[in-house]
Amino acid sequence: MNNKIYLKNLDFYLKLTISAFLLIIGIGISTGLIYINYTTGMSSTGTLEQYRGSIVEQYDIPEKFPKDFESMILTTHEHIISFSIITLILSIIFSFNSIITGKIKLFFMLEPFISIFLTFSSMWLMRYISSKFVYFLIFSSGLMYLCWYVMILVSLYDLNRK
């Protein structure tokens, strides 16, 4: 992509505004990761328990109950919409960076959309079909977060260099 406009060449006030947005969205994304860590311990076992419920012995009360259909559909709906908007905005900003170009730039811009689909498909498959889909969920969501952070950090760097 040969953009004639680069983040590093923008007006000071626009640079400041975009930088503030990127910092705040980065904090929001990080807060989501803190929540995931809190609810799953960032482990496959914790993730399975979060969606499929706790494994209990006879007569024990489970610590976590399986997510019901309504909760699954609500989580999917809210996250697919918000994650798509986050990816779109970050990708538009990132497209104007002068540091990463070509197919690598395109990868970081498009991959999160693929991961959104894979993450939430895996969540459903893990919940209702097989616990083995937890690994697809962990891989695809990890890749999505990595791409978001790269787009944020590269854009911030490009915005704030002379």
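In this report, we go over the structure that sits alongside the text. Note that this is a predicted model, so its numbers are computed, not measured. (Residues numbered from 1 in each chain as written. Predicted model: local features only at pLDDT ≥ 70, side-chain atom pairs only at ≥ 80, totals over all residues. Heavy atoms only, no water.)

## Looking at the overall build of the chain
Turning to step 1, where the next piece is worked out: Each helix and strand counted, the chain has 5 helices and 0 strands in total.
Turning to step 2, where the next piece is worked out: Mapped in sequence order, the helices and strands of the chain form the string α-α-α-α-α.
Turning to step 3, where the next piece is worked out: With the C-alpha coordinates aligned to their principal axes, the bounding extent of the chain is approximately 65 × 25 × 25 Å.
Turning to step 4, where the next piece is worked out: Pairs at least 24 apart in sequence give 74% of the contacts found in the chain among residues at least 6 apart. (Helix = DSSP H or I, 4+ residues; strand = E, 2+ residues; numbered from the N terminus. Contact = heavy atoms within 4.5 Å.)

## Describing the packing of helix α4 (residues 102-128) against helix α5 (residues 134-159)
Turning to step 1, where the next piece is worked out: Between α4 and α5, whose axes approach to 8 Å, the crossing angle comes to 155°. The orientation of α4 relative to α5 falls into the category roughly antiparallel. α5 is crossed by α4, and the crossing has left-handed handedness. Contacts from F107, F108, M109, E111, P112, S115, I116, L118, T119, S122, M123 and M126 of α4 reach α5 at V134, F136, L137, S140, S141, L143, M144, C147, W148, V150 and M151. (Axes fitted to C-alpha atoms, helices over the stretch in contact; angles between N-to-C directions. Parallel < 35°, antiparallel > 145°, perpendicular 65-115°, else oblique. Left-handed = near helix turned anticlockwise from the far one by under 90°.)

## Comments concerning helix α3 (residues 69-95)
Turning to step 1, where the next piece is worked out: Spanning 27 residues, α3 covers 38 Å between terminal C-alpha atoms, matching the ideal 39 Å at 1.5 Å per step.
Turning to step 2, where the next piece is worked out: Those residues of α3 that sit buried are M72, T75, T76, F83, I86, T87, L90, S91, I93, F94 and S95.
Turning to step 3, where the next piece is worked out: Contacts from the buried residues of α3 go to α1 (12-40), α2 (44-52), α4 and α5. (Expected span 1.5 Å × (residues − 1). Buried < 20%, exposed > 50% of the residue type's maximum accessible area, 1.4 Å probe, protein only.)

## Quick look at the side chain of S140
Turning to step 1, where the next piece is worked out: Among the structural elements, S140 can be located in helix α5.
Turning to step 2, where the next piece is worked out: The exposure class assigned to S140 is buried, which follows from its relative accessible area of 2%.
Turning to step 3, where the next piece is worked out: Among the polar contacts made by the side chain of S140, one reaches the main-chain carbonyl oxygen of F136 at a distance of 2.8 Å.
Turning to step 4, where the next piece is worked out: Excluding anything up to four places from it in sequence, S140 contacts S115, L118 and T119. (Polar contact = N/O pair within 3.5 Å; in protein donor to acceptor, adjacent residues only side chain to side chain.)

## Section: the packing of α1 against α5
Turning to step 1, where the next piece is worked out: Put simply, α1 and α5 touch, their axes get as near as 10 Å, and they point 155° apart. Between α1 and α5, the angle is such that the two are roughly antiparallel. The way α1 lies across α5 gives a crossing that is left-handed. Taking contact as the criterion, the partners of K15, I18, S19, L22, L23, I25, G26, I29, S30, L33 and I36 in α1 are, on α5, Y145, W148, Y149, I152, S155, L156 and L159.
Turning to step 2, where the next piece is worked out: Across the contact of α1 with α5, the residue classes tally to 13 nonpolar, 4 polar and 1 charged. (Nonpolar A, V, L, I, M, F, W, Y, C, P; charged D, E, K, R; others polar.)

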